[in-house]
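# Examining the three-dimensional arrangement
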Amino acid sequence: MAADRLTSGQEAGADSLARFAAIWGRAIYPVTATSMTRAEFEQHLLPLARTLRDTLHAERFDPRDAVPVGEGLVAAHCTDPEALPSILGIIDAYLVLYCGPGLGLPAEECRVRCSRLQHAVAVGFSHALRERTLHEQESISRAALNAKTEAESALAASEARFRAVFETAAVGIGIADLEGNVLEVNEALTRMLGSEAYIRHRKAGDWTHPDNGPGTDDTLNRELARGERDHYHIEKAYPRSDGSVLWANVQVSLLRDAAGRPKYQLALLEDITERRRLVERLRHQATHDALTGLPNRALFFERLDRALSTAEEPGADRRIGVCYLDLDGFKAVNDSLGHAVGDRLLVAVADRLRDCVTSPDQLVARIGGDEFVALYADPPDLAAVTDLAGRILEALSTPVLLDDRPLPVHGSIGIVHGQVGGRGAADVLRSADITMYRAKERGGNRYEVADPDADARAITRHGLTNQLPSALRHGEFFVEYQPLIGLEDGAVLGAEALVRWSHPVHGVLGPDQFIPLAESTGQIVPLGRWVLEQAAQQARDWHDRKFTGPAPRINVNLSPVQLTHPDLVAEVAAVLDETGLQPSALCLEVTESALIGADEDALKPLRRIADLGVAIALDDFGTGYSNLSSLRWLPVSVLKLDRSFTRGMRQHPADPVEMKIVEGIVSLAHTLNLTVTVEGVETRTQAEHLRALGCDTAQGWYYGKAGPAEQLHRLTLADAG
């Protein structure tokens, strides 16, 4: 059956390919000067169509593979000026229809590839047609030269042959003396430029146009007149008599007399105006954003590379400026009003950004989504770049009116300015991107200027984020334990488990350097599970030893991300079961900000964990805007008072306000049957004040920094002694 389906699919593909070739042949056969029948011509097109189809669906798409298709069409004598639009029109209308769907390639990608294939076919067609024309031109040139040479012995016969070639040639032909005075022109050249009088009115060297490069053909003409070269080839723009522009493929040859001395110039001109317009149109499509009409990512990088290479030239004292803009809150517009409104908003933003460009060395491009970038090729100073960024923010300050609905739009901009210093385009854009996110973090609707140190920190954070999964697999994390001391008798009652990262490059990293990264990527869930396992196993080891008093309880931090994980309760129960640790020996610490204001559904996992017998501590208490009355229904048994409440207790006399606040919190907690732990105790004086206020336990550098599990065992033994 599978083989049958495969055979059926192959037959369908071949049939679709044949239909495409037939449509293609019917469209271009009438303008083809070939001796083949229509059926033979369609068979000739079949391998060219197969090349287009295979290139369209190639895993590594390279439109240059379609260049031979254009060459093959010229080889089949499709050389009429009307042929190329028909060729490209059929590819545009029918290639994706008959050869596109069903092969796993998205429709939009098919259309983009089809457009690039048309460009490649046009390039191949143009190159082949030019080579064919050049070959004809060379033949004409040789015939003209032979006719001129033979004129001395058989003037009448050679003149007739030359005149036949000269007058009936499809290309424009002109003859001038070495000073550039036009002596003769044929009918084709007259049609190209307007009139014979218009052509004879100026010398050959006087045909100038702003689109031509400076002085190239002047140099070639002088070399030709001196006999230093026999011919040259150039593409050149000519002004027509009606003011329009003729683009021509020009072949100029030197005619010598019988003695070999330079005598005349022979110019052959092929009109390539339409071909050039087509190429320019295709290039515009390839380098501009289809939605907004702004330059796209490809053109931006082309201009940025050019600016960077110019700035690195010896002796060049040039700088660059880049403003990377990302719209603030654009996703909300798409999600709430739809992508059609979002697209219209992007078009309106693009129109405003165009007005911010004030000189030719500035460029605004859309590089994707709601991201735009402005390039300032050689700004005089940083102020000029920040002025550009300011104009952009000012342009966005007025709401965009869509369907009588004002939509506010703001953006964050990252600015890179300075000398190149060997940096590549990707490095410049990455620095601008990093800086833009720094502007977003500071509230948005502003710009920030790139700072190498900030870039380095951001790159380091990005690297750490990517390395988190492998670090956990390779055992780079370890746990240290900070003792929890009973204020009444100074005994070690427990320890808080604190994870560290032994990074192979950056050394030992504290949790503040990687926990936020783990939370932002979801890696905190497997990391938190691993810390819980390690801490519970260590607590079990402590319980298996002989202690004078009760074995230490272990405190483990829970991230807000872990609280929303559906398997949290099951994982805690599984760890207790696997390690054999009594639930009463485990305390899970949750920050105040994660619990205050949480609804009942959010608290259900903690209630179920508390029902297991595990203690719940409200960590960093007092740092948020907590409602003290909510403590009555939260499933907590411990309040961990933030260190900010005890800074005024480091000396005698203590801050009376802080003393009253702590006294009130302790009184309330004890009324609710909660114990109170204080963080950040660093001096004996603090400990004495807290003991006098009735706090139950404390931790901090005064009692001991976080360290290996053996350190806590030694402290315990010392207390027991």
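Residues numbered from 1 in each chain as written. Predicted model: local features only at pLDDT ≥ 70, side-chain atom pairs only at ≥ 80, totals over all residues. Heavy atoms only, no water.

Turning next to the overall build of the protein. Within the protein one finds 24 helices and 21 strands. Going through the 721 residues of the protein one by one, you find that 46% of them count as buried. For the protein, the exposed surface amounts to about 35600 Å²; the carbon and sulfur share of it is 51%. (Helix = DSSP H or I, 4+ residues; strand = E, 2+ residues; numbered from the N terminus. Buried < 20%, exposed > 50% of the residue type's maximum accessible area, 1.4 Å probe, protein only. Areas by Shrake-Rupley, 256 points an atom, 1.4 Å probe, with all protein chains shown as cover.)

What follows deals with the side chain of Glu571. Looking at the secondary structure, you find Glu571 in helix H19 (residues 568–579). Summary of buried charges: Glu571 has no salt-bridge partner, and the nearest side chain of opposite charge, Arg529, is 4.3 Å away. Beyond its immediate chain neighbours, meaning those up to four positions away, Glu571 contacts Arg529 and His565. (Lys, Arg positive; Asp, Glu negative; His and termini not counted. Salt bridge = Lys/Arg side-chain N within 4 Å of Asp/Glu carboxyl O. Contact = heavy atoms within 4.5 Å.)

Under the counting rule described, the total for this entry stands at 5 cavities of 30 Å³ or more. The computed volume of the largest cavity comes to approximately 320 Å³. Lining the largest cavity we find 22 residues, and of these Ala204, Trp207, Tyr238, Ala267 and Leu269 sit closest to its centre. Elements with a contribution of two residues or more to the lining of the largest cavity: strand S1 (172–177), strand S2 (182–185), helix H6 (187–193), helix H8 (216–225), strand S3 (231–239), strand S4 (245–256) and strand S5 (262–271). Residue classes in the lining of the largest cavity are distributed as 17 nonpolar, 3 polar and 2 charged. Taken as a whole, the second largest cavity encloses approximately 90 Å³ of empty space. Lining the second largest cavity are Val525, Gly528, Arg529, Leu532, Val556, Asn557, Leu558, Gln562, His565, Leu568, Glu571 and Val572. Looking at the lining of the second largest cavity, the elements with two or more residues in it are helix H17 (524–544), strand S16 (553–558) and H19. (1 Å grid on protein atoms, 1.4 Å probe; cavity = no way out; pocket = protein on both sides within 12 Å on 5 of 7 lines; lining within 4 Å. Points joined across faces, edges and corners; volume = space filled by probe spheres on them. Nonpolar A, V, L, I, M, F, W, Y, C, P; charged D, E, K, R; others polar.)

Positionally, Gly25 belongs in helix H1 (residues 2–28). Sequence separation of Gly25 and Arg38 is 13 residues, and the distance between their C-alpha atoms is 7.3 Å. Discounting residues that sit within four places of it in the chain, Gly25 has contacts with Pro30, Phe41, Glu42 and Leu45.

Spatially, the 5 strands line up as an open sheet ordered S2-S1-S5-S4-S3, and their pairing is antiparallel. Here the strands that pair on one side only, and so sit at the sheet edges, are S2 and S3. With strand direction ignored, the average angle separating the axes of adjacent strands in the sheet is 25 degrees. Of the strand pairs in this sheet, S1 and S2 are connected by 3 bridges, and their pairing is antiparallel. Paired with Ile175 across the bridge in S2 is Glu184. Contacting S3, S4 and S5, helix H9 (residues 273–287) crosses the sheet at an angle of about 130 degrees to S4. (Pairing = 2+ DSSP bridges. Axes fitted to C-alpha atoms, helices over the stretch in contact; angles between N-to-C directions.)

Now for the packing of aromatic side chains. In the structure shown here, the tally under the stated rule is 9 aromatic pairs. Ring plane angle 35 degrees and centroid distance 5.5 Å describe the contact between Phe20 and Trp24, whose orientation is recorded as tilted. A residue pair is termed a helical-turn pair when its members lie 3 or 4 positions apart in one helix, as Phe20 and Trp24 do in helix H1 at 4 residues. The exposure class of Trp24 is buried, given its relative accessible area of 0%. (Phe/Tyr/Trp six-rings, centres within 6.5 Å; stacked < 30°, edge-to-face > 60°.)

Spanning 12 residues, helix H21 (residues 600–611) covers 15 Å between terminal C-alpha atoms, matching the ideal 16 Å at 1.5 Å per step. Those residues of H21 lying buried are Leu603, Pro605, Leu606 and Ile609. All buried residues of H21 project into a common sector of 140 degrees when viewed along the axis, lining one side. The exposed set on the far side of H21, more than 90 degrees from its buried face, consists of Asp601, Arg608 and Asp611. Elements that come into contact with the buried residues of H21 comprise S16, helix H18 (560–563), H19, strand S17 (586–591), helix H20 (592–595) and strand S18 (615–621). (Expected span 1.5 Å × (residues − 1). Arc of directions from axis to C-beta.)

This paragraph deals with the pairing of S18. Within S18, 6 of the 7 residues are buried, leaving the element largely enclosed by the surrounding structure. Pairing geometry for S17 and S18, over 5 bridges, is parallel. Bridged to Leu588 within S18 is Ile616. As judged from the 3 bridges shared by S18 and strand S19 (residues 638–641), these two strands associate in the parallel manner. Bridged to Phe621 within S19 is Leu641.

For the rest of this paragraph, the subject is helix H12 (residues 339–354). Helical geometry note: an α-helix holds 3.6 residues per turn, so side chains three or four residues apart project in the same direction. With 16 residues, H12 should reach 22 Å at 1.5 Å per residue; the first-to-last C-alpha distance of 22 Å fits that figure. The complete set of buried residues in H12 reads Val341, Gly342, Leu345, Leu346, Ala348, Val349, Ala350, Arg352 and Leu353.

Another aspect to go through is the nonpolar core. Formed by 74 residues in total, the largest nonpolar core has its most connected members in Ile554, Val556, Leu586, Leu588, Leu595 and Val662. Here this core takes 9 residues from H17, the largest share from any one element. Excluding residues that lie within four positions of it along the chain, Leu586 makes contacts with Leu532, Arg553, Ile554, Val556, Val572, Leu576, Leu581, Val614 and Ala615. Within the second largest apolar cluster, 41 residues are counted, among which are Leu73, Ile87, Leu88 and Ala122. (Core = buried A, V, L, I, M, F, W, Y, C linked by side-chain atoms within 4.5 Å.)

Take unusual backbone geometry next. Even without a glycine there, the phi angle at His77 is positive, about 75 degrees. By secondary structure assignment, the location of His77 is in the loop between helix H3 (67–75) and helix H4 (83–99). By relative accessible area, His77 is classed as partly exposed at 32%. With a phi close to 60 degrees, Asn673 is a non-glycine residue in the positive phi region. Structurally, the position occupied by Asn673 is in the loop between helix H22 (656–671) and strand S20 (675–678).

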